[in-house]
Amino acid sequence: MLKPRPSRVNALQKNILRWYGKNSRQLPWRKTNDPYRVLVSEIMLQQTQVSRVEQKFHHFIKQYPTLRALARTSRADVVRAWQGMGYNNRAIRLRDAARIVMEERDGRLPSDTAQLEKLPGIGRYTAHAIACFAYGQKVPVVDVNIRRVLSRIFRKMNNVFDLKPADEIWELAARILPENVYMWNQALMDLGAAICTAQKPLCESCPASNLCSSRTLYKNRAPGNARIRRSKKSEPMYAGIPQRFWRGRIVEALRKVNGEDSISLTKVGRTIKPDFAAHELPWLKRLAQSLIRDGVVERVKASRTTKIMLAKG
Ligand code: SF4
């Protein structure tokens with residue numbers, strides 16, 4: 001278990017918060033503590049880059065300004081509004097969470113992390129982010145950036161991809177919280193995004209460098225040398241393209257269909273893959289079934305063909 005000296009923690013907090021005061025990113029969801037807006041931003045940020053979320057956040061909030069408005073919408077419409085974000089099942093889970101909160105909690109998003117984690121699409125990180133950023137609770141927030149930053153600062157890492165186990169970092173993060181928790185959690189995220197990046201940490205410019213156990217690993221390293229090959233996780237592919245992109249293309253094809261119209265699988269195949277051939281139908285069916293399981297797509301039984309559409313729900 002990591003137990004840093006209080007004097008080191010104090011100095012670190014001071015340095016990092018001072019750096020954040022001058023370098024914080026001006027992000028739209030940092031200008032509010034409205035639980036609904038925090039929820040939307042955190043779900044969007046789960047698997048999408050900050051720059052993309054910045055573009056989409058305002059449009060989404062304009063279309064669904066309240067939890068009530070989101071709860072009332074159909075799955076098809078929320079998936080349409082999610083265009084450009086990828087991982088469409090997040091939109092479904094977000095809408096479903098809004099409905100549960102409206103129906104079972106009188107429209108009030110819980111502030112308790114355990115209650116938050118019971119809602120669709122909300123895991124440990126997102127629950128803590130909502131508790132801290134919306135309700136001002138003194139809880140740690142550990143995303144991939146913060147896990148990396150704290151791993152490096154408190155243990156000498158052997159290479160840029162070394163990380164301490166997540167549970168250990170959650171414990172450590174809880175132990176070193178300062179008074180201004182909101183600012184601290186945001187500061188660690190920004191430090192991980194701008195300075196202590198995954199492959200090329202800029203130790204020379206880092207406000208934590210004189211207190212960091214890993215600074216000598218990266219200091220004075222020529223740009224590019226920090227890259228160490230890691231075993232790539234194999235991602236399911238088809239025709240040289242990840243299956244998740246094909247899923248995204250199916251949803252994109254269905255977004256363009258008017259109203260509640262459906263289209264045949266064969267037509268979907270030709271839309272997403274110009275050289276689509278009949279023998280590829282079983283592959284396409286499996287993809288469509290995975291989208292049906294996630295609640296993004298619905299199957300419509302037609303007389304001779306299988307047709308699909310965005311889920312109405
Ligand atoms: S000194 Fe280097 S390794 Fe340590 S936190 Fe800063 S950027 Fe990361």
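Position numbers for residues count from 1 along each chain, tracking the sequence in the order it is written. At least 70 in pLDDT is required for a residue's local features to be given in this predicted model, at least 80 for side-chain atom pairs to be given and counted, and no such filter applies to totals for whole chains, interfaces and linings, which use all residues. Remark: hydrogens and water are excluded; side-chain values derive from all non-hydrogen atoms of the structure.

### Some details on the overall build of the protein chain
Move 1: Strands are runs of DSSP state E lasting at least two residues, helices are runs of H or I lasting at least four, and both sets are numbered from the N terminus onward. When helices and strands are counted, the protein chain shows 15 helices and five strands.
Move 2: Relative to its full complement of 313 residues, the protein chain shows a buried share of 49%.
Move 3: Looking at the protein chain alone, contacts between residues at least 24 apart form 64% of all its contacts between residues at least 6 apart.
Move 4: Only the protein chains shown count as covering a residue, and every accessible area follows the Shrake-Rupley method with a 1.4 Å probe. Looking at the protein chain as shown, the accessible area adds up to about 16300 Å², and 47% of this sits on carbon and sulfur atoms.
Move 5: Positive charges come from Lys and Arg alone, negative charges from Asp and Glu alone, with His and the N- and C-terminal ends not counted. The atoms used to mark charge sites are NZ of Lys, CZ of Arg, CG of Asp and CD of Glu. Taken as two groups, the 58 positive and 26 negative side-chain charges of the protein chain have centres that lie 6 Å from each other. For every residue, the accessible area obtained with a 1.4 Å probe (protein chains only) is divided by the maximum for its type, and the residue is called buried under 20%, exposed over 50%, and partly exposed between those limits. Contacts are residue-level and defined by heavy atoms, with any inter-residue pair within 4.5 Å sufficient.

### What about the sheet that holds strand 3 (residues 263-264)?
Move 1: DSSP-based pairing: two strands are paired if at least 2 bridges between them are found. Strand order in this open sheet of three strands is 3-5-4, and the pairing throughout is antiparallel. Each edge of the open sheet is held by one strand with a lone partner, namely strand 3 and strand 4 (297-301).
Move 2: Looking at chain direction, strand 4 and strand 5 (residues 306-310) are connected through five bridges and run antiparallel. Within the sheet, the bridge partner assigned to valine 300 lies in strand 5 and is lysine 307.

### A look at helix 14 (residues 265-272)
Residues spaced three or four apart along an α-helix face the same direction, because each turn holds 3.6 residues.
Move 1: Inspection of helix 14 places Leu265, Val268, Gly269 and Ile272 among the buried residues, and these make up the whole buried set. For helix 14, the buried positions fall inside an angular range of 100 degrees around the axis, keeping them on one side. Within this analysis, the arc is defined by the directions that extend from the helix axis to the C-beta atoms.

### Some remarks on the environment of leucine 191
Move 1: Note that leucine 191 resides in helix 11 (residues 181-194).
Move 2: Note on leucine 191: relative accessible area 0%, which makes it buried.
Move 3: In this structure, the C-alpha to C-alpha distance between leucine 191 and valine 300, residues 109 residues apart in sequence, is 49 Å.
Move 4: For leucine 191, the contacting residues outside a window of four places in its chain are Ile16, Trp19, Val149, Cys196, Cys206 and Pro207.

### Brief notes about the pattern of salt bridges
Move 1: Within this document, salt bridges are pairs made up of a side-chain nitrogen of Lys or Arg and a carboxyl oxygen of Asp or Glu, the two lying within 4 Å of each other. Counted by the stated rule, this structure contains 15 salt bridges.
Move 2: Between arginine 80 and aspartate 77 there is a salt bridge, with the nearest N and O atoms lying 3.3 Å from each other. One end of the pair is arginine 80 and the other is aspartate 77, both in helix 5 (residues 75-81) and three residues apart, which spans about a single turn.
Move 3: Residue glutamate 252 is joined to arginine 255 by a salt bridge in which the shortest nitrogen-to-oxygen separation is 2.6 Å. Taken as a pair, glutamate 252 and arginine 255 lie in helix 13 (residues 243-255) at a separation of three residues, close to a single helical turn.
Move 4: A single salt-bridge network, built from bridges that share partners, covers Arg25, Arg30 and Asp190.

### Concerning the nonpolar core
Move 1: Counting 93 residues, the largest nonpolar core has Ile16, Phe60, Leu150 and Ile250 as the members making the most contacts within it.
Move 2: Apart from the residues within four sequence positions on either side, phenylalanine 60 is in contact with Tyr36, Val40, Met44, Leu70, Val78, Ala81, Trp82 and Leu94. Think of a nonpolar core as a cluster: buried Ala, Val, Leu, Ile, Met, Phe, Trp, Tyr and Cys residues, connected wherever their side-chain atoms sit within 4.5 Å.

### Some thoughts on the side chain of arginine 152
Move 1: Relative to the helices and strands, arginine 152 is located in helix 9 (residues 144-154).
Move 2: Buried and unpaired, arginine 152 has aspartate 162 as its nearest opposite-charge partner, separated by 9.0 Å.
Move 3: In terms of polar contacts, arginine 152 uses its side chain to reach the backbone carbonyl oxygen of threonine 197, at 2.9 Å. Any pair of N or O atoms that falls within 3.5 Å is considered a polar contact. Within protein, one atom must be able to donate a hydrogen and the other to accept it, and sequence-neighbouring residues count only if both atoms are side-chain atoms.

### Some details on the domain arrangement of the protein chain
Move 1: Reported domain spans reflect what an automatic or database domain assignment gives. The domain boundaries assigned to the protein chain delineate domain 1 (10-24 + 140-218), domain 2 (34-133) and domain 3 (237-310).
Move 2: Summarising the inter-unit geometry, the C-alpha centres of domain 1 and domain 2 are found 27 Å apart.
Move 3: Listed per partner, the contact involves 11 residues of domain 1 and six residues of domain 2.
Move 4: The term buried area refers to how much accessible surface (probe radius 1.4 Å) is lost by two components on association, counted for both of them together. Carbon and sulfur atoms make up 74% of the area that domain 1 and domain 2 hide from each other, which totals about 740 Å².
Move 5: Contact with domain 2 buries area across many residues of domain 1, yet Val141, Trp170 and Tyr182 alone supply 58% of it, more than any other trio.
Move 6: Viewed at the interface, domain 2 and domain 1 are joined by one salt bridge.
Move 7: Note that aspartate 167 and arginine 124 form a salt bridge whose closest N and O atoms lie 3.1 Å from each other.
Move 8: Our count for the domain 1 to domain 2 interface comes out at one residue pair in polar contact (both at pLDDT 80 or more).

### Quick word on the packing of helix 2 (residues 35-45) against helix 3 (residues 50-63)
Move 1: Where helices are involved, their axes are fitted lines through C-alpha atoms of the stretch in contact, as for all axes, and angles between N-to-C directions lie from 0 to 180°. The N-to-C vectors of helix 2 and helix 3 enclose an angle of 140 degrees; their axes lie 10 Å apart at closest approach. With respect to helix 3, the axis of helix 2 lies oblique. When you trace helix 2 past helix 3, the crossing you get is right-handed. Judged by residue contacts, Tyr36, Arg37, Val40, Ser41, Met44 and Leu45 of helix 2 engage Val50, Val53, Lys56, Phe57, Phe60 and Ile61 from helix 3.
Move 2: Residue composition of the contact of helix 2 with helix 3, by class: nine nonpolar, one polar and two charged. For classification purposes, an angle smaller than 35 degrees is called roughly parallel, one larger than 145 roughly antiparallel, one from 65 to 115 roughly perpendicular, and anything else oblique. Less than a right angle of anticlockwise turn of the near helix away from the far helix marks a crossing as left-handed, whereas a clockwise turn marks it as right-handed. Residues are grouped as follows: Ala, Val, Leu, Ile, Met, Phe, Trp, Tyr, Cys and Pro are nonpolar; Asp, Glu, Lys and Arg are charged; all remaining types, including Gly, are polar.

### As for the packing of aromatic side chains
Move 1: Each pair of aromatic rings taken from Phe, Tyr and Trp, with Trp reduced to its six-membered ring, is defined by centres within 6.5 Å and is described as stacked if the planes are under 30 degrees apart, edge-to-face if over 60, and tilted in the remaining cases. Applying the stated criterion across every chain yields a total of seven aromatic pairs.
Move 2: An angle of 75 degrees between the planes, with centres 5.2 Å apart, marks the rings of phenylalanine 133 and tyrosine 182 as edge-to-face. Here phenylalanine 133, found in helix 8 (residues 124-133), pairs with tyrosine 182, found in helix 11; they are 49 residues apart in sequence, far enough to count as distant.
Move 3: Put simply, the rings of Phe60, Tyr64 and Trp82 touch in pairs and so form one group of aromatic residues.
Move 4: Above the face of the tryptophan 246 ring, arginine 249 is positioned so that its terminal group lies 4.6 Å from the ring centre. In this analysis the charged atom, NZ for Lys or CZ for Arg, is taken to sit over a ring once it is within 6 Å of the ring centre and within 35 degrees of the ring normal.

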